Amino acid sequence: MRVLKLCVLAGLVSTVAGAWGQKVQNFPLTDATGMEAHNVKFQAATYQGRKATLVTTLSNEDKASFGLLPAVDLQDGTIEVDVAVKILTPPGVRMPGFTGLMFRAKPDGSEYELFYLRPKNALAGNQSMRNHTVQYSSEPGFGWYKLRREWPFVYESYAEIEPEKWTHVKIEVAGRVARIYLNGASKPSLIVDGLKGTNLHGAVGLWAYPAEESYFSNLKITPAAAAPIKNGSDASGEWDVKAGTDAIAFESALKLARDGNKLSGTVETEPGKIVPVAGMWRDGYVELSFPFEWPAGRDGAPGPTTAFLDGWIDGDRAKGRIRVDGRADGMWTAVRKTESANGN
């Protein structure tokens, strides 16, 4: 079946030579020739005077529904597309409108990174709801609910968009960082520094949701030179950690040991005070937590709380996000101690 699909692409895709010998791929999306459907159907359409592919779901179940573009395997680069969503729910039923773009997807769609829009949220009178207009998630395991509860407002933001109007989307992917730009803006609406997925390359897909019509037009993929990263770096060893948050900054010495996907160890949260660390490792991605004593004289109630770190290890360096529960949020970096630094 896949061979047949690759044989009918002439009317769908045009390619031109790009930088680094890679090909720029243009998908007019005037029809869905060669696309692979996952719980969706395609229809050639004209929406607000523009030729497009209409994507609708086959059921009203809240599950992954998307179409994968043929012959795409992107690591780093830029994806651009025009999108519009028409909400089909009756008046009075809240539906913000969901439509998005997948990237670095596995061929079967079981894993992918995703930026999606909720354009009706941008019109809300509630600022909290407005801040849920642009969303990042990564499947499986890092849906909007988990990311919002654990890292409020880090993986979503406000943008000035509207339902039933065309929105130009540009996504830049470079290593473990992705940025989304809307309607030709020079500044990104959302930056994700530390993509959650383990796939460093993959397919691109059109993502849709039940009870709405998602329109896609004029998709362009421009590859860029791949960042020199790879997965699988071990967390075991001793690390010098620096953390900067919106409330405090601190440095600490971290010692970790790994048993399969389980991490354990200790961290020196202040001179002479060493506490246990627990966490997980997944192909170089880590999540850690440890007891933390919030200092007196700072904003926030002094006393015991918990610090959470997540991020990626790349060789002898690491970086990610830190949250001190109920007190602070920020970023951390770490450098692995060498044998000479350890006195060995």
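Everything numeric in this text was worked out from a predicted model, so none of it was measured.

1. A look at the pattern of salt bridges
Part 1: Under the definition given, this model contains 17 salt bridges.
Part 2: The partner of Lys170 in a salt bridge is Glu172, and the shortest N-O contact between them spans 3.8 Å.
Part 3: A relative accessible area of 26% means that Glu172 is categorised as partly exposed.
Part 4: Through salt bridges that share partners, Arg118, Arg148 and Glu156 make up one connected network.

2. Points about the packing of aromatic side chains
Part 1: Applying the stated criterion across every chain yields a total of 15 aromatic pairs.
Part 2: For the ring pair Trp207 and Tyr209, a centre distance of 6.3 Å and an interplane angle of 35 degrees mean the geometry is tilted.
Part 3: Judged by centre distance (6.3 Å) and plane angle (50 degrees), the rings of Phe292 and Trp294 are tilted. In this structure, Phe292 and Trp294 share a single accessibility class: buried.
Part 4: The structure contains a cluster of three or more aromatic residues connected by ring pairs, namely Phe98, Tyr116, Trp207 and Tyr209.
Part 5: The ring of Tyr181 is capped by Lys170, whose NZ or CZ atom sits 4.8 Å from the centre of that ring.

3. Re the sheet that holds strand β23 (residues 317–324)
Part 1: Strand order in the closed barrel formed by 8 strands is β17-β18-β19-β20-β21-β22-β23-β24, and the pairing between neighbours is antiparallel. Averaged over all adjacent pairs, the angle separating strand axes in this sheet is 30 degrees, with direction ignored.
Part 2: With 8 bridges joining them, strand β22 (residues 303–314) and β23 adopt antiparallel strand pairing. Each residue of the ladder has a partner; that of Gly311, found in β23, is Gly320.

4. Section: the pairing of strand β12 (residues 167–174)
Part 1: With burial as the criterion, only one face of β12 is covered, namely that bearing Thr167, Val169, Ile171 and Val173; the residues His168, Lys170, Glu172 and Ala174 on the opposite face remain uncovered.
Part 2: In terms of strand pairing, strand β7 (residues 77–87) meets β12 through 7 bridges, oriented antiparallel. Among the inter-strand pairings, Gly77 is bridged to a residue of β12, identified as Val173.
Part 3: Relative to strand β13 (residues 177–182), β12 runs antiparallel, the two sharing 6 bridges. Residue Ala174 lies in a different strand from β13, and its bridge partner there is Val177.

5. What about the confidence of the model for the chain?
Part 1: Here the chain shows a mean pLDDT of 91. Residues at 70 or above account for 92%.
Part 2: Here residues 1–11 scores under 50 on pLDDT; set against residues more than four positions off or in separate chains, the count is 11 contacts.

6. Details of the environment of Gly77
Part 1: Considering the arrangement of structural elements, one finds Gly77 in strand β7.
Part 2: Exposure remark for Gly77: the relative accessible area of 6% places this residue in the buried category.
Part 3: It is 6.6 Å that separates the C-alpha atoms of Gly77 and Ala174, two residues lying 97 residues apart in sequence.
Part 4: Those residues within four positions of Gly77 in sequence are excluded, and the remaining contacts are Ile171, Glu172, Val173, Thr222, Pro223 and Ala224.

7. Concerning unusual backbone geometry
Excluding glycine, most residues fall at negative phi; most peptide bonds, likewise, are trans.
Part 1: Residue Glu139 is joined to Pro140 through a cis peptide bond whose omega torsion reads 0 degrees.
Part 2: In this fold, Pro140 is placed in the loop between β10 (134–139) and α3 (144–150).
Part 3: Notably, Ala71 is not glycine yet its phi reads approximately 55 degrees, a positive angle.
Part 4: For Ala71, the location among the structural elements is in the loop between β6 (66–68) and β7.
Part 5: Positive phi values are uncommon outside glycine, yet Glu164 reaches one of about 60 degrees.

So, how was this worked out
Residues numbered from 1 in each chain as written. Predicted model: local features only at pLDDT ≥ 70, side-chain atom pairs only at ≥ 80, totals over all residues. Heavy atoms only, no water. Salt bridge = Lys/Arg side-chain N within 4 Å of Asp/Glu carboxyl O. Buried < 20%, exposed > 50% of the residue type's maximum accessible area, 1.4 Å probe, protein only. Phe/Tyr/Trp six-rings, centres within 6.5 Å; stacked < 30°, edge-to-face > 60°. Lys NZ or Arg CZ within 6 Å of the ring centre and 35° of its normal. Pairing = 2+ DSSP bridges. Helix = DSSP H or I, 4+ residues; strand = E, 2+ residues; numbered from the N terminus. Axes fitted to C-alpha atoms, helices over the stretch in contact; angles between N-to-C directions. pLDDT = per-residue confidence, 0-100. Contact = heavy atoms within 4.5 Å.

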